[in-house]
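# Summary of structural features
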Amino acid sequence: FFAAIVLIVAGSGGLGTLLLLAWAVLGIFHFFYFNRQELALSWLVFETAAGRDRSFDDAAGRAGELKPQGRWLSLLDMAAAWIAWRRNSSEKDGFLTRVLLGAMTEGWDLVNHFLLPAFAVDKVGFSEGMGKLRATRENVPETLVGVFGIDVMGRVVGTIMAPLHVLLVLIGIAVGIYAS
């Protein structure tokens, strides 16, 4: 990216434009690459934990068998990245919209961390993986549901309470200055 900007400024706009285009293509490609690597790594960790000696080439072969699932995850990761970017960059959106976008990002993070190993280890499709996620949610002990719920709700409550905390800190500073 920076090389493209330098080349465009230096007067070599053709090569700078090509580098800028390459940067954009790699920006999209990295979602597919990282999902493929995560699928391979999930399978390799499972196989190692099961006591089987596997190589990364075996894991890469397994990830190659899961191309449709990897593509779906990559596309959904792109959408989640866009939602996270939108939540963080848009000041004109309402507070409720930002909280909703934050909840969507958190929800996708949890779903993604479940689906990657389900695809890699169980070799299921997207709809089967979502079915397993629903079944798992129904069979998870209440203590773990509470932990996940507290994590997500803690962030939501933290976001809602942030303006109040800032106000209380400012009042505290004002009282401290006044009292001194």
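Right, let's walk through the structure included here. These figures come from a predicted structure and were not determined experimentally.

Looking only at helices and strands, one finds seven helices and zero strands in the protein chain. Walking the protein chain from its N terminus toward its C terminus, one meets helices and strands in the order α-α-α-α-α-α-α. Counting contacts in the protein chain only where the partners sit at least 6 residues apart, residues at least 24 apart contribute 53% of the total. Carbon together with sulfur atoms contributes 70% to the accessible area of the protein chain, which is approximately 12,200 Å² in total.

Let us look at the environment of Ala24. Relative to the assigned elements, Ala24 resides in helix α2 (residues 13-49). Residue Ala24 is classed as partly exposed on the basis of its relative accessible area, which comes to 37%.

Attention now moves to helix α4 (residues 67-89). The end-to-end C-alpha distance of α4 is 32 Å, a good match for the 33 Å that 23 residues give at a rise of 1.5 Å each. Turning to α4, its buried residues number three or more, namely Gln69, Gly70, Leu73, Ser74, Asp77, Ala80 and Ile83.

At a minimum axis distance of 8 Å, the contact between α2 and helix α3 (residues 56-65) shows a crossing angle of 120°. Looking at the two axes, α2 sits oblique to α3. The crossing of α2 and α3 is right-handed. Contacts from Arg36, Gln37, Leu39, Ala40, Trp43 and Leu44 of α2 reach α3 at Phe56, Asp58, Ala59, Ala60, Arg62, Ala63 and Gly64. Grouping the amino acids of the contact of α2 with α3 by side-chain chemistry returns eight nonpolar, two polar and three charged.

Turning to its location among the elements, Asp77 is positioned in helix α4. Although Asp77 lies buried, it forms no salt bridge, and the closest oppositely charged side chain, Arg71, sits 14 Å away as judged by the N-O distance. Among the polar contacts made by the side chain of Asp77, one reaches the side chain of Asn35 at a distance of 2.9 Å. If sequence neighbours within four positions are ignored, Asp77 has contacts with Phe31, Asn35, Trp108 and Asn112.

Glancing now at the packing of α2 against α4. At a minimum axis distance of 9 Å, the contact between α2 and α4 shows a crossing angle of 130°. Between α2 and α4, the interaxial angle falls into the category oblique. For α2 against α4, the interelement crossing comes out right-handed. Side by side, α2 and α4 meet where Ile28, Phe31, Phe32, Asn35, Arg36 and Leu39 of the first sit next to Lys67, Gly70, Arg71, Leu73, Ser74, Leu75, Asp77, Met78 and Ala81 of the second. Of the residues belonging to the contact of α2 with α4, the class tally is eight nonpolar, three polar and four charged.

Cut-offs applied
- Residues numbered from 1 in each chain as written.
- Predicted model: local features only at pLDDT ≥ 70, side-chain atom pairs only at ≥ 80, totals over all residues.
- Heavy atoms only, no water.
- Helix = DSSP H or I, 4+ residues; strand = E, 2+ residues; numbered from the N terminus.
- Contact = heavy atoms within 4.5 Å.
- Areas by Shrake-Rupley, 256 points an atom, 1.4 Å probe, with all protein chains shown as cover.
- Buried < 20%, exposed > 50% of the residue type's maximum accessible area, 1.4 Å probe, protein only.
- Expected span 1.5 Å × (residues − 1).
- Axes fitted to C-alpha atoms, helices over the stretch in contact; angles between N-to-C directions.
- Parallel < 35°, antiparallel > 145°, perpendicular 65-115°, else oblique.
- Left-handed = near helix turned anticlockwise from the far one by under 90°.
- Nonpolar A, V, L, I, M, F, W, Y, C, P; charged D, E, K, R; others polar.
- Lys, Arg positive; Asp, Glu negative; His and termini not counted.
- Salt bridge = Lys/Arg side-chain N within 4 Å of Asp/Glu carboxyl O.
- Polar contact = N/O pair within 3.5 Å; in protein donor to acceptor, adjacent residues only side chain to side chain.

Nothing here speaks to function; it is geometry throughout.
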